[in-house]
Amino acid sequence: MEWIGESIESLKSIQIRQVLSQAVSLGMIVTSALIIWKALMCVTGSESPVVVVLSGSMEPGFKRGDILFLHMSKDPIRAGEIVVFNVDGREIPIVHRVIKVHQRQDTGEVDVLTKGDNNYGDDRLLYAQGQMWLQRQHIMGRAVGFLPYVGWVTIIMTEKPIIKYILIGALGLLVITSKD
């Protein structure tokens, strides 16, 4: 309780110049993060260069909470590669392995069929109704690396929003009460 009293006294003594300085610093941090994200998008060719595995469908290779790094090149997608894709009508991207590649005779474009390593059947039930294959526009990128368990922070904050609000509030209070 003594900490709260000290924080309130600290808030009262903050001068407007300090508040503006801290607001500018916070703005620069947020802007830097956005610039880094956009740069990663350009370098990797993927609209989302980093994704978190949200389910156990790719175990034992990738576990729930692993972070995947994506890259999207012009090279054709091959069976065995792990891709992240969006399906029409679903917001959350899916991480699964390509099990079949189909080249269209008329256009030469490559379509793929995917499956989670821990699933029994292919993903056709996950695709949009009537869709049998994924086209290149559905694929966000190929997995080129991963960090195990680091994505649990994102999962916990998504599943338990109160933790996210407490963390944001604590960080905000820390920024406001810190002295340069």
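Source: prediction; values computed, not measured.

J.: So what exactly am I meant to see when it comes to unusual backbone geometry here?
T.: The bulk of non-glycine residues show a negative phi, and the bulk of peptide bonds are trans. Here the residue pair Glu59 and Pro60 is connected by a cis peptide bond, since its omega of 5 degrees sits within 30 degrees of zero. Here Pro60 lies in the loop between β1 (50-52) and β2 (67-71).

J.: Is there a simple way to explain the environment of His102 in this structure?
T.: Residue placement: His102 occurs in strand β4 (residues 94-103). For His102, a relative accessible area of 34% puts it in the partly exposed group. If we skip the residues at most four places from it in the chain, His102 touches Glu109, Val110, Asp111 and Trp133.

J.: Just checking my understanding: could you explain the packing of aromatic side chains for this structure?
T.: For any two aromatic rings, the description comes down to two numbers: the centre-to-centre distance and the angle of the planes. According to the stated counting rule, one finds 2 aromatic pairs in the structure shown. With centroids separated by 5.1 Å and ring planes inclined at 80 degrees, the aromatic side chains of Phe62 and Phe146 adopt a geometry described as edge-to-face. Of this pair, Phe62 sits in the loop between β1 and β2 while Phe146 sits in strand β6 (residues 139-147); the two residues are 84 residues apart in sequence, bridging distant segments of the chain. Taking relative accessible area as the criterion, Phe62 reaches 9% and is therefore assigned buried.

J.: Explain the environment of Gln135 to me, please; I cannot follow it from the model alone.
T.: Its place among the elements puts Gln135 in the loop between β5 (110-115) and β6. Placed 33 residues apart in sequence, Gln135 and His102 show a C-alpha to C-alpha distance of 9.9 Å.

J.: Quick question: what am I supposed to make of the pairing of β6 here?
T.: Successive side chains on a regular strand alternate, one facing one side of the sheet and the next facing the other. Across 5 bridges, the pairing between β2 and β6 is antiparallel. Residue pairing across strands places His71 opposite Arg142, the latter belonging to β6. Of the strand pairs in this sheet, strand β3 (residues 82-85) and β6 are connected by 3 bridges, and their pairing is antiparallel. Along β6, the bridge assignment pairs Val84 with Gly141.

J.: Explain the nonpolar core to me, please; I cannot follow it from the model alone.
T.: Core analysis: the largest hydrophobic core is formed by 13 residues, its most contacted members being Ile77, Val83, Phe85, Val87, Val112, Tyr127 and Ile139. Put simply, the parts of the chain that give this core at least two residues each are β3, β4 and β5. By size, the runner-up hydrophobic cluster in this structure holds 10 residues, among which are Leu70, Ile82, Val84 and Met140.

J.: What am I meant to see in the UniProt feature "transmembrane region" (unreviewed entry) in the protein here?
T.: In the UniProt entry, the feature "transmembrane region" (unreviewed entry) is given for residues 20-40, 139-156 and 162-178. In this annotation, residues 20-40 is assigned 100% helix and 0% strand; the end-to-end C-alpha distance for the span is 30 Å. This span, residues 139-156, is 28% helix and 50% strand, and a straight line between its end C-alpha atoms measures 26 Å.

J.: Help me understand the pattern of salt bridges in this model?
T.: Any two side chains of opposite charge can pair, on the condition that their charged atoms come close. Going through the model one piece at a time under the given rule, you end up with 5 salt bridges. A salt bridge links Arg142 to Glu81; the shortest N-O distance between them is 3.4 Å. With a gap of 61 residues between them, Arg142 in strand β6 and Glu81 in the loop between β2 and β3 connect regions that are remote in the sequence. Residue Glu81 is classed as partly exposed on the basis of its relative accessible area of 25%. Here the salt bridges share partners, and the residues they tie into one network are Arg104, Glu109 and Asp111.

Cut-offs applied
Residues numbered from 1 in each chain as written. Predicted model: local features only at pLDDT ≥ 70, side-chain atom pairs only at ≥ 80, totals over all residues. Heavy atoms only, no water. Helix = DSSP H or I, 4+ residues; strand = E, 2+ residues; numbered from the N terminus. Buried < 20%, exposed > 50% of the residue type's maximum accessible area, 1.4 Å probe, protein only. Contact = heavy atoms within 4.5 Å. Phe/Tyr/Trp six-rings, centres within 6.5 Å; stacked < 30°, edge-to-face > 60°. Pairing = 2+ DSSP bridges. Core = buried A, V, L, I, M, F, W, Y, C linked by side-chain atoms within 4.5 Å. UniProt positions renumbered as here; feature names shortened; annotations may be inferred. Salt bridge = Lys/Arg side-chain N within 4 Å of Asp/Glu carboxyl O.

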